[in-house]
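Single-letter residue listing:
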Amino acid sequence: MNKQDLQMLYAYNRWANARILEAVANISETQFLAGNQLPHGGLRGTLVHTLFAEWIWRQRWQGVASSAPWRPEDFPTFASLKTRWDEEEKNLMEFIDGLTEQRLQAEFDYISTESHPHRRVVWEAMLHLVNHGTQHRSEAAAILTDMGFSPGDIDLIVFLNEGRARHSK
């Protein structure tokens, strides 16, 4: 895995997150806050978990120790979550842009949220984070679709096709 590949995957991650967040902007606060049977307790919980993962992995890659997971209650409104998401997205993309090929191949140590020590290669964990986001965006998309606010296709190939269409004009 090289920097160019990861930049493309993180551009996709950003695009797919934006599609989800654009759909969320159309629902009511009551719908945003509603719980359900999914592991993270609803749309807000799923999105908070997804954003927390982006934040904590970036922190780990930068050598900052883990902290306790964020709680959905930390984000009482969609606006509060969106503001934090925009900040983290900026920080994450700056981190990615500053990576070197050497850093991507380096190992790092971290403590999981379950308090287990691990050692990983940076690019492996970065690939994991995009995959993790795909899982939870799918859950969020299902919730939104059930509410009548589908985010549309969020597949990697759709992102790639849209990018090629923009560049070929």
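Here, every reference points to the structure presented above.
These lines cover the structure that appears in this document, whether it is placed above or below. All values reported here derive from a predicted model rather than from experimental measurement.

**Focus: the environment of K82**
Examined against the element boundaries, K82 turns out to sit in helix α4 (residues 78-97). Through-space distance from the C-alpha of K82 to that of E54 is 14 Å; in sequence the pair is 28 residues apart.

**Quick word on the side chain of R137**
Examined against the element boundaries, R137 turns out to sit in helix α6 (residues 122-146). With no salt bridge to any partner, buried R137 finds its closest opposite charge in E54, at an N-O distance of 4.9 Å. Residues within four places of R137 in sequence aside, it is in contact with Y12, N13, A16, N17, I20, V130 and I154.

**Section: the side chain of H132**
Structurally, H132 is set in helix α6. Apart from residues lying up to four places away in sequence, H132 is in contact with H49 and A53.

**Observations concerning the packing of aromatic side chains**
This model, assessed by the stated rule, comprises 13 aromatic pairs. Ring centres 6.3 Å apart and planes at 35 degrees place the aromatic pair W57 and W61 in the tilted group. Here W57 and its partner W61 are both found in helix α3 (residues 43-61), four residues apart, which amounts to about one turn of the helix. Judged by relative accessible area, which is 9%, W57 ranks as buried. Taken together, a centroid distance of 6.4 Å and an interplanar angle of 80 degrees make the contact between W57 and F108 edge-to-face. With W57 in helix α3 and F108 in strand β1 (residues 107-111), the pair connects residues that are 51 residues apart, well separated along the chain.

**Let's talk about the packing of helix α1 (residues 3-24) against α6**
Running from N to C, α1 and α6 point in directions that differ by 20 degrees, and their axes come no closer than 10 Å. It follows from the interaxial angle that α1 and α6 lie roughly parallel. At the point where α1 passes α6, the crossing takes the left-handed sense. Between α1 and α6, the residues in contact are L6, L9, Y10, Y12, N13, A16, N17, I20, A23 and V24 and W123, M126, L127, L129, V130, T134, R137, A140, A141 and L144, respectively. Here the residues of the contact of α1 with α6 sort into 16 nonpolar, three polar and one charged.

**Re unusual backbone geometry**
Even without a glycine there, the phi angle at S115 is positive, about 75 degrees. Inspection of the secondary structure puts S115 in the loop between β1 and β2 (117-121). Judged by relative accessible area, S115 falls into the exposed class, the value being 56%.

**A word on α3**
Given a rise of 1.5 Å per residue, 19 residues ought to cover 27 Å, and the 27 Å separating the end C-alpha atoms of α3 matches this to within 8%. Of all the 19 residues making up α3, 18 are buried; the element is thus mostly covered by neighbouring parts of the structure.

**Observations regarding the pattern of salt bridges**
Taken as a whole and assessed by the stated rule, the structure comprises 11 salt bridges. A salt bridge links R84 to E88; the shortest N-O distance between them is 3.9 Å. Here the residue R84 and the residue E88 both occupy positions in helix α4, the gap between them amounting to four residues, near one helical turn. The exposure class assigned to E88 is buried, which follows from its relative accessible area of 0%. Within the structure, one salt-bridge network assembled from shared partners comprises R58, R84, E87 and E88.

**Points about the pairing of β2**
Bridging between β1 and β2 involves five bridges; their strand directions are antiparallel. Within β2, the position partnered with Y110 by the bridge is H118. Counting the residues between successive antiparallel strands, the hairpin from β1 to β2 contains five residues, one of them, S115, with a positive phi of roughly 75 degrees.

Rules behind the numbers
- Residues numbered from 1 in each chain as written.
- Predicted model: local features only at pLDDT ≥ 70, side-chain atom pairs only at ≥ 80, totals over all residues.
- Heavy atoms only, no water.
- Helix = DSSP H or I, 4+ residues; strand = E, 2+ residues; numbered from the N terminus.
- Buried < 20%, exposed > 50% of the residue type's maximum accessible area, 1.4 Å probe, protein only.
- Lys, Arg positive; Asp, Glu negative; His and termini not counted.
- Salt bridge = Lys/Arg side-chain N within 4 Å of Asp/Glu carboxyl O.
- Contact = heavy atoms within 4.5 Å.
- Phe/Tyr/Trp six-rings, centres within 6.5 Å; stacked < 30°, edge-to-face > 60°.
- Axes fitted to C-alpha atoms, helices over the stretch in contact; angles between N-to-C directions.
- Parallel < 35°, antiparallel > 145°, perpendicular 65-115°, else oblique.
- Left-handed = near helix turned anticlockwise from the far one by under 90°.
- Nonpolar A, V, L, I, M, F, W, Y, C, P; charged D, E, K, R; others polar.
- Expected span 1.5 Å × (residues − 1).
- Pairing = 2+ DSSP bridges.

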